[in-house]
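Each chain is listed here by its residues.
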Amino acid sequence: MNSTFHAHDLLWGMPSAQLPEDAPDWARQVLDAGLPVVVRRASGEAGLVPVGVRGDQRARRLGAWMTATQVSCRLRPEDLRLQDPADLPALVALQQVTPILDDLGLAWGPTGGVGYQLATGLTVLHAGSDLDLLLRTPTRFSRAEARSLSHRLKGLACRIDLQLETPNGAVALAEWATDSARVLLKHRDGARLVADPWHLAEQPA
């Protein structure tokens, strides 16, 4: 992945002509409408960014590659904040978590449907939508801290899925808050079970 961009960043500027010839029409329509793509985790050639095109249905997701020099605008999850009064549960939950996560002193932001709606202004959320969040943890976030945060995020307006973004990939807060010896790390080369997401080199193969 191009080091300038990270998973869940929203990028504008990809032309539909860069999609594979067999790409579905809906994906071309998304790009022709000037909508962003989202950076995904994958390893590839220098100068190419692994991205996903998001359609208007959950089943409409397409993986693709964007030339880094074509990026005209970039929004990171931490750039996105709710500006207007909230009505849907996922947006109400975003209001509720804001002071909790701000207190941690770490960069964070919404991803998934909430992030996409805030970035584009398109209505993609519904009453049953979850709130997906990313918390950047460049140094080790202890399991005690994870349990404390997990407890504070319970009982809010909707279900919350928070991912701890480590230098090696992402791990679910809910999983890191348990006593499991190994947890699932979403790495750019694929998912793997690890004992410590922050120190892969120190772990046995």
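By the naming in an unreviewed UniProt entry, the protein chain goes by Phosphoribosyl-dephospho-CoA transferase and is assigned to Pseudomonas putida.

Draft legend 1. Region of interest: the layout of surface pockets. Quantified by volume, the largest pocket comes out at close to 1200 Å³. R54, R61, G112, G113 and D132 are, among the 48 residues lining the largest pocket, the residues nearest its centre. At the level of elements, helix 1 (25-32), strand 2 (37-39), strand 3 (48-54), strand 4 (61-67), helix 3 (112-120), strand 7 (131-136) and strand 8 (160-166) are the ones that each hand at least two residues to the lining of the largest pocket. The element contributing the most residues to the lining of the largest pocket is helix 3, with five residues. The residue inventory of the lining of the largest pocket, partitioned by class, reads 20 nonpolar, 15 polar and 13 charged. Both of domain 1 (9-75) and domain 2 (79-194) provide at least three residues apiece to the lining of the largest pocket.

Draft legend 2. Local environment of the sheet that holds strand 2. Read from one edge to the other, the open sheet built from five strands follows the order 4-3-2-1-5, with strand pairing classed as antiparallel. Edge positions in the open sheet fall to strand 4 and strand 5 (73-75), since each of these has one partner strand only. In this sheet, adjacent strand axes meet at a mean angle of 35° when their direction is disregarded. In the sheet, strand 3 pairs with strand 4 via seven bridges, with the strands oriented antiparallel.

Draft legend 3. Focus on the packing of aromatic side chains. According to the stated counting rule, one finds one aromatic pair in the structure shown. Over the aromatic face of Y116 sits the side chain of R54, whose NZ or CZ is 5.1 Å from the ring centroid. Against the face of W176 rests R143, its NZ or CZ located 4.1 Å from the ring centre.

Draft legend 4. Focus on the UniProt feature "domain: Phosphoribosyl-dephospho-CoA transferase MdcG N-terminal" (unreviewed entry) in the protein chain. Using the residue numbers shown here, the UniProt feature "domain: Phosphoribosyl-dephospho-CoA transferase MdcG N-terminal" (unreviewed entry) corresponds to residues 7-77. As annotated, residues 7-77 has a helix share of 11% and a strand share of 32%, and its two end C-alpha atoms lie 10 Å apart.

Draft legend 5. View of helix 2 (residues 89-102). Look at helix 2: 20 Å from first C-alpha to last across 14 residues, which is about the 20 Å you get at 1.5 Å a residue. Taking the largest bend as the criterion, helix 2 deviates by roughly 30°, centred on Q96, and proline P99 comes between one and four positions later. Within the span of helix 2, buried status applies to A90, L91, A93, L94, V97, I100 and L101. Contacts from the buried residues of helix 2 go to strand 6 (108-110), helix 3, strand 7, helix 4 (143-152) and strand 8.

Draft legend 6. Quick look at the domain arrangement of the protein chain. One can read the domain layout of the protein chain as domain 1 (9-75) and domain 2 (79-194). Look at where the C-alpha atoms of domain 1 and domain 2 centre, and you get two points 23 Å apart. Contact with domain 1, which involves eleven residues of that partner, is made by 18 residues of domain 2. Summing both partners gives a buried area of about 1100 Å² for domain 1 against domain 2, and 57% of it is carried by carbon and sulfur. Sorting the residues of domain 1 by area buried against domain 2 places R41, R54 and L75 first, and these three jointly supply 55% of that buried surface. In this structure, E165 engages R41 in a salt bridge whose closest nitrogen and oxygen atoms are separated by 2.8 Å. Remark: the boundary between domain 1 and domain 2 carries two residue pairs in polar contact (both at pLDDT 80 or more). Considering only residue class, the side of domain 1 that touches domain 2 consists of six nonpolar, one polar and four charged.

Conventions adopted
- Residues numbered from 1 in each chain as written.
- Predicted model: local features only at pLDDT ≥ 70, side-chain atom pairs only at ≥ 80, totals over all residues.
- Heavy atoms only, no water.
- 1 Å grid on protein atoms, 1.4 Å probe; cavity = no way out; pocket = protein on both sides within 12 Å on 5 of 7 lines; lining within 4 Å.
- Points joined across faces, edges and corners; volume = space filled by probe spheres on them.
- Helix = DSSP H or I, 4+ residues; strand = E, 2+ residues; numbered from the N terminus.
- Nonpolar A, V, L, I, M, F, W, Y, C, P; charged D, E, K, R; others polar.
- Domains from an automatic or database assignment.
- Pairing = 2+ DSSP bridges.
- Axes fitted to C-alpha atoms, helices over the stretch in contact; angles between N-to-C directions.
- Phe/Tyr/Trp six-rings, centres within 6.5 Å; stacked < 30°, edge-to-face > 60°.
- Lys NZ or Arg CZ within 6 Å of the ring centre and 35° of its normal.
- UniProt positions renumbered as here; feature names shortened; annotations may be inferred.
- Expected span 1.5 Å × (residues − 1).
- Bend = angle between axes of the 7 residues up to and from the residue.
- Buried < 20%, exposed > 50% of the residue type's maximum accessible area, 1.4 Å probe, protein only.
- Contact = heavy atoms within 4.5 Å.
- Buried area = accessible area lost by both parts, 1.4 Å probe.
- Salt bridge = Lys/Arg side-chain N within 4 Å of Asp/Glu carboxyl O.
- Polar contact = N/O pair within 3.5 Å; in protein donor to acceptor, adjacent residues only side chain to side chain.

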